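Structural characterization, general
Spelled out from the first residue to the last, the chains are:
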Amino acid sequence: MDKRKETTTLSVHRCRFVDYAPSAITALAYPPLPLPSVKGKKKTTAGKQPLRFGLLAVGHANGNIDICEWQGAERESQCSQAWVVRKTLPGPYPSKVDSLAFVVRYPEDVGPDDVPMQSDLRLFSSGGGSELIEWDLERGCIRRTINSQGGSIWSIAANPSSSSLALGCEDGTVRILSIANDTLTHSRRFDRVKCRMLSIAWGPPIPRQRQAKKAQEFDGDSSSDDDEEDDWTDSWLVTGCSDSSLRKWDISTGRVIERMGVDKVRGERTLVWTVGVLGDGTIISGDSLGMVKFWDSRTCTQLSSFKAHGADVLCMAVSPEGRAIYTAGVDQKTVQFSLVKTSSTENGPTTSRWTQTCSRRMHSHDVRALAMWPPYTPLPTAYKRHFSIDVAPILASGGLDMSVVLTPAALPTSTVVKITNPLDTSTESTFEDSYHRKLAFVARGVVRVARSTRLVSCAREAGITVWRIHKKPEEGTGVVQMQSGPTDDPLETEPYAGGWEKVLEMDLKVNTNITTHEISDDGRWLIVSDLYESKLFALTTDDKGEIGLKRIKEFSSILQAYIPASPSHAISTGASAFQFTPDSSKLIMSTALSSYVLVINLIGDKPRVMRRFDQHRLRDSIVHDRVVKGRTLALDSAEKKLVNGHTHVNGDASMDVDMAEPDVESPPPANEASEASDDEDDDQDVSSTSATVSVDRIAVSTDGQWLATTDSRARTHIFNLDLISHHCVLPTFPRSAQALAFDPMHPSVLLLSFPDNSIQIFDVETRQFPVWGKELAASLPKRFTHAHDPVLGVSFDPAVTSSSGIDEQGKTRYVLFWGATWMFKVSLDTTVRSGAKKRRREIAPVPGAEEERQWRDYKMITQYRPLLCCDFLAKDELVVVERPLVDVLLTLPPAYFKHKYGAS
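Residues numbered from 1 in each chain as written. Predicted model: local features only at pLDDT ≥ 70, side-chain atom pairs only at ≥ 80, totals over all residues. Heavy atoms only, no water.

**Overview of the overall build of the protein chain**
- Counting secondary structure elements, the protein chain contains six helices and 59 strands.
- Every one of the 904 residues in the protein chain was classed for burial, and the buried ones make up 58%.
- Taking contacts inside the protein chain between residues at least 6 apart in sequence as the whole, the part at least 24 apart equals 61%. (Helix = DSSP H or I, 4+ residues; strand = E, 2+ residues; numbered from the N terminus. Buried < 20%, exposed > 50% of the residue type's maximum accessible area, 1.4 Å probe, protein only. Contact = heavy atoms within 4.5 Å.)

As structure tokens, this is what we get:
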């Protein structure tokens, strides 16, 4: 029988009743680039080497901030998955995010052509109140707050040198905060005016005068500080106000230099929602009349005006070279303005003027935020930064329709060389012609499934809802056929309008938005956590199927005894991830602010912490002062490739697995990976300093023996739950794992899936990456690896019971990956050789297809979207939780629409 033609028939519960409500996008921010050296002037190398992609911060109306990482490799300028959410900073409940600003913590430590990494950055946000929040990006919580002293904060902006932060306040003042050297203090207050400061932008910085230093050098004193020579100083800033005007302010005196008035209608005040400044001093404004205006900052006169929008202009972005402006707002349009060269006479001097060149409608509702990568810095012409001309910049936009839209935004004049589209959406890369793509609004982990009790739970900002899916009747069920092969034709038959009921809805008292929750497989336990407290509930089901719940009130105090106090923060029992063991006898949790992994026994009168593991808190993995296997003394910090040719391993002490090919003819040595001692204190006897990371992925094997946890630094630890001890640590991969899953047929085999849609397979018992797993990982089809949406989860087919990879009915076993817009079903018909002495296949291969058939038996299903969850309830029974965009948009207010006379 040709397995490539095999069809798998599943009963699919297509659940659209889950009322998950994503939150509108209200702010976007990319990190700034460091200022160039004053001495070097034009000598920068940014155009000679590929520019890395920085973080993307996405602020939501519910107070959460998503931190997204670019998934491409170090020197790759193109990546199908683009930016993927790797961490969510939970906002205080209730709250919102109105403005975001990245700054560089120590600019002098970042090279002029380097892109700041997360550890180099500070993130500030405001949410309509008087508090400015600084976030701890490593721990995912609020680091500190400061009051504006001027009422509600309407706008924030950091100066180009990352030394000051300007706040536009409700009381009509601009407050300057000093943020130099990782501080946050009030520096000065500008003169008060009778209007609100709705928007702020800093003018071009100027090199600081150095006459005194030159005098010192003339006197023979060569000890002047080079850092001070490279200082830049701020001269002015501009604010958009609520009284139909813009104001230019002198930084040194704090007084208004000039006032620029915008148009009014019927005497009503016009609101200037957004302002920007270019390196030559040109000021751009967008207002509530839909007007985009260009101003000369020296004379403070209007250069040009465009009626570009039908309603309020809410946001603006500038292209990396400063030759294009993008504006958007209530009318859903994104408009491009370009600097076009003109000449007064046939042979006259060449001049330039701003022209409205293009507009696109990529959103269904108001656009609230725009951001551009690479970011623009308003520098004087002599210090203008030059970027690589063969890679298109990317415009990010977001608004009420909850999806971040990424658009390649090369200029038409950049067609001298072939332009790379970083998003891999089309060959075209100009803003006018390229294809944009939307990042899914699906948040990972908001929906959970309890198989045995057929329960589906969904978390909101401060509540949980649970539904029960009724069992299907024997006749007339709806099925979907997953036929192997590279086609994706919908094969769904007439669906069964299956039964479901809401069994529980609860609102919780929380300090922040809920970070994670989990429901046990047998439906007896429900645990919910915000950033600071975990709440455990015991569930009971009566004869009528109604669910009752009782909170285990002493749970927090039980946890506190095992979480040491820290001078930097109070004891928190909040969690970043939970997982129940298959028999629901134990709960595994990772603490949110302290990075501990706790094993909790749920059997008995009250929960009991059995063990606390500290491995993820280590900055390295030098266990018991031993040199780990798999690296030599000559190994430097450069990344070293694994033998499979796909996975990179950082050359640090986290390397803990032998990189040699395993001997396929004989059992591998027992010490292939560094194993932990059986001593009870093995998690304490470690030579390292403490670190705080986010342990956000947990998996437990189906037999309850193995536990896998992975953190934000891409380190994965394996624990033995039978011995309650640390077992080994995997190599550090280039990316953190997006999903972990143990094979139910071979419980020691761990599958790791990464956000770039690559996979790794690791045998935790032998501490090796088996050869067959490397073959599978190396032969993934491009249809899967180049999918634009990253993998969100993986589930193994539970129907297989025999050791040969075939169930009783002769069907080949498979694994199901899923992302927001696709499911990828692939056969796993290669026997797992866990400790086998000889490689062999239990299934007769197709003649001539021995090497190619590993991943050829696959199918990409794209008819379900967007997916919140995909999991098996039982044998040949799948639950697919969808939240169609149409249903979400119905919850929004009507979009802006203006009927044109005579138009159809």
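**A short note on the packing of aromatic side chains**
- Counted by the stated rule, this structure contains 24 aromatic pairs.
- Arranged with centres 6.2 Å apart and planes meeting at 40°, the rings of phenylalanine 817 and phenylalanine 824 form a pair that is tilted.
- On the accessibility criterion, phenylalanine 824 (0% relative accessible area) is buried.
- These aromatic residues form a ring-pair network of at least three members: Tyr30, Phe53, Trp70, Trp83 and Trp373.
- The ring of phenylalanine 431 has arginine 360 sitting right over it, with the charged end atom 5.6 Å from the ring centre.
- The lysine or arginine in question, arginine 612, covers the ring of tyrosine 596, its NZ or CZ lying 4.6 Å from the ring centre. (Phe/Tyr/Trp six-rings, centres within 6.5 Å; stacked < 30°, edge-to-face > 60°. Lys NZ or Arg CZ within 6 Å of the ring centre and 35° of its normal.)

**Considering the nonpolar core**
- Formed by 36 residues in total, the largest nonpolar core has its most connected members in Val18, Val447, Met823, Leu878 and Val881.
- At the level of secondary structure, the elements contributing two or more residues to this core comprise strand 1 (7–15), strand 32 (447–450), strand 33 (455–459), strand 34 (463–469), strand 55 (814–819), strand 58 (867–874) and strand 59 (877–882).
- Broken down by element, this core gets its largest block of residues, six residues, from strand 58. (Core = buried A, V, L, I, M, F, W, Y, C linked by side-chain atoms within 4.5 Å.)

**Comments concerning the sheet that holds strand 4 (residues 65–70)**
- Read from one edge of the open sheet, four strands run 2-3-4-5, paired in antiparallel fashion. Of all strands in the sheet, those with a lone pairing partner are strand 2 (25–29) and strand 5 (83–89), marking the two edges. Looking at each pair of strands side by side, their axes are set apart by 25° on average, direction ignored.
- For strand 3 (residues 56–60) and strand 4, the ladder comprises four bridges, and the chain directions are antiparallel. Bridged to leucine 56 within strand 4 is cysteine 68. (Pairing = 2+ DSSP bridges. Axes fitted to C-alpha atoms, helices over the stretch in contact; angles between N-to-C directions.)

**Thoughts on the pairing of strand 41 (residues 575–580)**
- Extensive coverage of strand 41 is indicated by the burial of five of its six residues.
- Judged from the five bridges that link them, strand 41 and strand 42 (residues 586–591) form a sheet pairing that is antiparallel. Bridge pairing in strand 42 places phenylalanine 578 opposite methionine 589.
- The turn linking strand 41 back onto strand 42 is made up of five residues, and serine 584 within it adopts a positive phi angle of 60°.

**Concerning the environment of isoleucine 527**
- Note on placement: isoleucine 527 falls in strand 38 (residues 525–529).
- Not counting residues within four places of it along the chain, the set of residues in contact with isoleucine 527 comprises Thr516, His517, Glu518, Ser534, Lys535, Leu536, Phe555, Phe578, Phe580 and Leu587.

**Things to note about the pairing of strand 58**
- In terms of residue burial, strand 58 counts as a mostly covered element, since seven of its eight residues are buried.
- Strand direction decides the pairing type here: strand 58 and strand 59, joined by six bridges, are antiparallel. By the bridge assignment, cysteine 869 is partnered in strand 59 with valine 881.
- Count of turn residues in the strand 58/strand 59 antiparallel hairpin: two residues, of which aspartate 876 carries a positive phi of about 60°.

**Details of the UniProt feature "repeat: WD" (unreviewed entry) in the protein chain**
- Residues annotated by UniProt as "repeat: WD" (unreviewed entry) correspond here to residues 237–259.
- A distance of 12 Å separates the end C-alpha atoms of residues 237–259, which is 0% helix and 65% strand. (UniProt positions renumbered as here; feature names shortened; annotations may be inferred.)

**Examining the pattern of salt bridges**
- A full pass over the atoms with the stated rule returns 34 salt bridges.
- Where aspartate 182 meets arginine 122, a salt bridge forms, and the shortest distance between an N and an O atom there is 3.3 Å. One end of the pair, aspartate 182, is in the loop between strand 12 (174–178) and strand 13 (185–189); the other, arginine 122, is in strand 7 (residues 121–126), with 60 residues separating them in the sequence. Arginine 122 shares its class with aspartate 182; the two are buried.
- For glutamate 170, the salt bridge is made with arginine 196, and the minimal N-O distance between the two is 2.9 Å. Of this pair, glutamate 170 sits in the loop between strand 11 (164–169) and strand 12 while arginine 196 sits in the loop between strand 13 and strand 14 (197–202); the two residues are 26 residues apart in sequence, bridging distant segments of the chain. (Salt bridge = Lys/Arg side-chain N within 4 Å of Asp/Glu carboxyl O.)

**Let's talk about the side chain of aspartate 763**
- As for its placement among the helices and strands, aspartate 763 is situated in strand 53 (residues 759–763).
- There is no salt bridge for the buried aspartate 763, and the closest opposite charge comes from arginine 767, which lies 9.3 Å off by N-O distance.
- Reaching out from aspartate 763, the side chain makes a polar contact with the side chain of serine 748 at a distance of 3.3 Å.
- In terms of polar contacts, aspartate 763 uses its side chain to reach the backbone amide nitrogen of threonine 766, at 3.4 Å. (Lys, Arg positive; Asp, Glu negative; His and termini not counted. Polar contact = N/O pair within 3.5 Å; in protein donor to acceptor, adjacent residues only side chain to side chain.)

**Quick word on the sheet that holds strand 53**
- In space, the three strands of this open sheet follow the order 51-52-53, with antiparallel pairing throughout. Unpaired on one side and paired on the other, strand 51 (739–742) and strand 53 mark the two borders of the sheet. Mean inter-strand twist for the sheet, computed between neighbouring axes without regard to direction, equals 20°.
- Note that strand 51 and strand 52 (residues 749–753) share four bridges and pair antiparallel. Paired with leucine 740 across the two strands is leucine 752, which belongs to strand 52.

**Describing helix 4 (residues 771–778)**
- Burial analysis of helix 4 places six of its eight residues in the buried class, which makes it a mostly covered element.
- Within the span of helix 4, buried status applies to Val771, Trp772, Gly773, Lys774, Leu776 and Ala777.
- As for helix 4, its buried residues are in contact with strand 52 and strand 53.

**Brief notes about the confidence of the model for the protein chain**
- Predicted confidence across the protein chain gives a mean pLDDT of 83, with 78% of residues reaching 70 or more.
- This model gives residues 476–493 a pLDDT under 50, and the stretch forms 71 contacts once residues within four places in sequence are excluded.
- Here residues 676–688 scores under 50 on pLDDT; set against residues more than four positions off or in separate chains, the count is 29 contacts. (pLDDT = per-residue confidence, 0-100.)

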